[in-house]
Amino acid sequence: MNPQAKLIFASSLLLGTTLTISSNHWIMAWAGLEINTLSILPLISKSHHPRAVEAATKYFLVQAAASTLVLFSGMTNAWHTGQWDITQLTHPVSCLILTAALSMKLGLAPFHFWFPEVLQGSPLTTGLILSTVMKLPPIALLYMTSHSLNPTVLTTMAVLSVALGGWMGLNQTQIRKIMAFSSISHLGWMTIILIYNPKLTLLNFYLYALMTTAVFLTFNSIKTLKLSTLMTTWAKTPSLSMTLLLILMSLAGLPPLTGFLPKWLIIQELTKQHMAPTATIISLLSLLGLFFYLRLAYCATITLPPHTTNHMKQWHNNKPVNLSVAILATASIMMLPISPMISTAI
């Protein structure tokens, strides 16, 4: 793709995200979401492969429907209350429509079906943008309207997301699809705490974005898209494969790694809100996700594949690891000791 075109699309992404996050008016938020959608479409379909074009079409249709519902929700609320302010969303029907719309935008269950397909049809770098940057505007809107949303609906959707994200990722062999189901599962954790402590939702999102970026950049640097090719990468970059094991364990939420921090704080907050059964259910369901993270980690660090693969062993690579991957990997693994400082900030 032309570098100038890439710059325009990247600037539009930044503009759309900033516009939605900083707006107080529903029309401005909607405009930011639309700019975001239109600027990511060329990045999804840039390879001109039928799978990429299909992914871009699916993404466009889902996001257009979700944006329409966001605008409809704002209009319904304005019709009943005379308010276009995002934080003044008070009408119950508008709140339900907005919950459905933002769930479609995020890929939260039961509106998650488009996300694995779109991620599978996109390049790794575009998949990274879809999993992190594109989720920031809808999460910002959920944060601003959290006081008005229905707790029962959000809790049900959150538990469903964690269950489906873990369950449907079990039999996947494509790395991008595994990362998509991982994203759906993490969104469940962010949503369940939204009503009770919105700052925890943001903290969870930031740490999820940090760890996912590290994983995607690692896969991008070792040029791996499937589990079968991941098994042969130990010879190419052994140190990076070892680091990938730790980042994946952090993404699964195992102590003493960074990913344990948001899960720990969320379980603590749910217990304070007398929701111990819900906390137990969501914790048990996240074990499903742990299984496929372990599977990925096992394939990344195995030195003798258990069965013969059609892929040749790769040459050892002496090139130094990208600095951004090194910094992100370190942050993804070692941030738990500063958790007291983070928890006091919350």
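Residues numbered from 1 in each chain as written. Predicted model: local features only at pLDDT ≥ 70, side-chain atom pairs only at ≥ 80, totals over all residues. Heavy atoms only, no water.

### Regarding the UniProt feature "domain: NADH:quinone oxidoreductase/Mrp antiporter transmembrane" (unreviewed entry) in the chain
Per the UniProt record, the feature "domain: NADH:quinone oxidoreductase/Mrp antiporter transmembrane" (unreviewed entry) sits at residues 23-288. Between the end C-alpha atoms of residues 23-288 there is a gap of 38 Å, over a span that is 74% helix and 0% strand. (UniProt positions renumbered as here; feature names shortened; annotations may be inferred. Helix = DSSP H or I, 4+ residues; strand = E, 2+ residues; numbered from the N terminus.)

### Describing the domain arrangement of the chain
Looking at the assigned domains, one finds that the chain contains domain 1 (1-142) and domain 2 (150-345). Put simply, the middle of domain 1 and the middle of domain 2, counted by C-alpha atoms, are 23 Å apart. Both sides of the domain 1 and domain 2 interface together cover about 2,600 Å² of buried area, and 79% of this is carbon and sulfur. Considering only the surface of domain 1 that becomes buried against domain 2, Leu108, Gln120 and Leu124 emerge as the three largest contributors, covering 26% of it. On the surface where domain 1 and domain 2 come into contact, there are 1 salt bridge. With its nearest N and O atoms 3.4 Å apart, the salt bridge here joins Glu117 to Lys177. Across the domain 1-domain 2 interface, the total number found is 5 residue pairs in polar contact (both at pLDDT 80 or more). For the side of domain 1 that touches domain 2, the elements supplying multiple residues, two or more each, are helix H4 (92-106), helix H5 (114-120), helix H6 (124-131) and helix H7 (136-145). A class-by-class count of the residues in the side of domain 1 that touches domain 2 yields 15 nonpolar, 10 polar and 3 charged. (Domains from an automatic or database assignment. Buried area = accessible area lost by both parts, 1.4 Å probe. Salt bridge = Lys/Arg side-chain N within 4 Å of Asp/Glu carboxyl O. Polar contact = N/O pair within 3.5 Å; in protein donor to acceptor, adjacent residues only side chain to side chain. Nonpolar A, V, L, I, M, F, W, Y, C, P; charged D, E, K, R; others polar.)

### A closer look at the packing of aromatic side chains
Tallied over the full model, the rule gives 5 aromatic pairs. Measuring from centroid to centroid gives 5.8 Å for Phe260 and Trp264, while their planes differ by 10°, and the two rings are stacked. Of this pair, Phe260 and Trp264 are both found in helix H13 (residues 260-272), 4 residues apart, which corresponds to roughly one turn of the helix. Through a chain of ring-to-ring contacts, the aromatic side chains of Tyr59, Trp114 and Phe115 assemble into a single cluster. (Phe/Tyr/Trp six-rings, centres within 6.5 Å; stacked < 30°, edge-to-face > 60°.)

### Digging into the nonpolar core
Grouped burial of nonpolar side chains is what soluble globular proteins tend to show. Within the largest apolar cluster, 98 residues are counted, with the highest numbers of intra-cluster contacts made by Tyr59, Leu130, Phe219 and Leu230. Of all the elements, helix H10 (residues 198-222) adds the most residues to this core, at 13 residues. Here this core spans two domains, and each of domain 1 (1-142) and domain 2 (150-345) adds at least three residues to it. (Core = buried A, V, L, I, M, F, W, Y, C linked by side-chain atoms within 4.5 Å. Buried < 20%, exposed > 50% of the residue type's maximum accessible area, 1.4 Å probe, protein only.)

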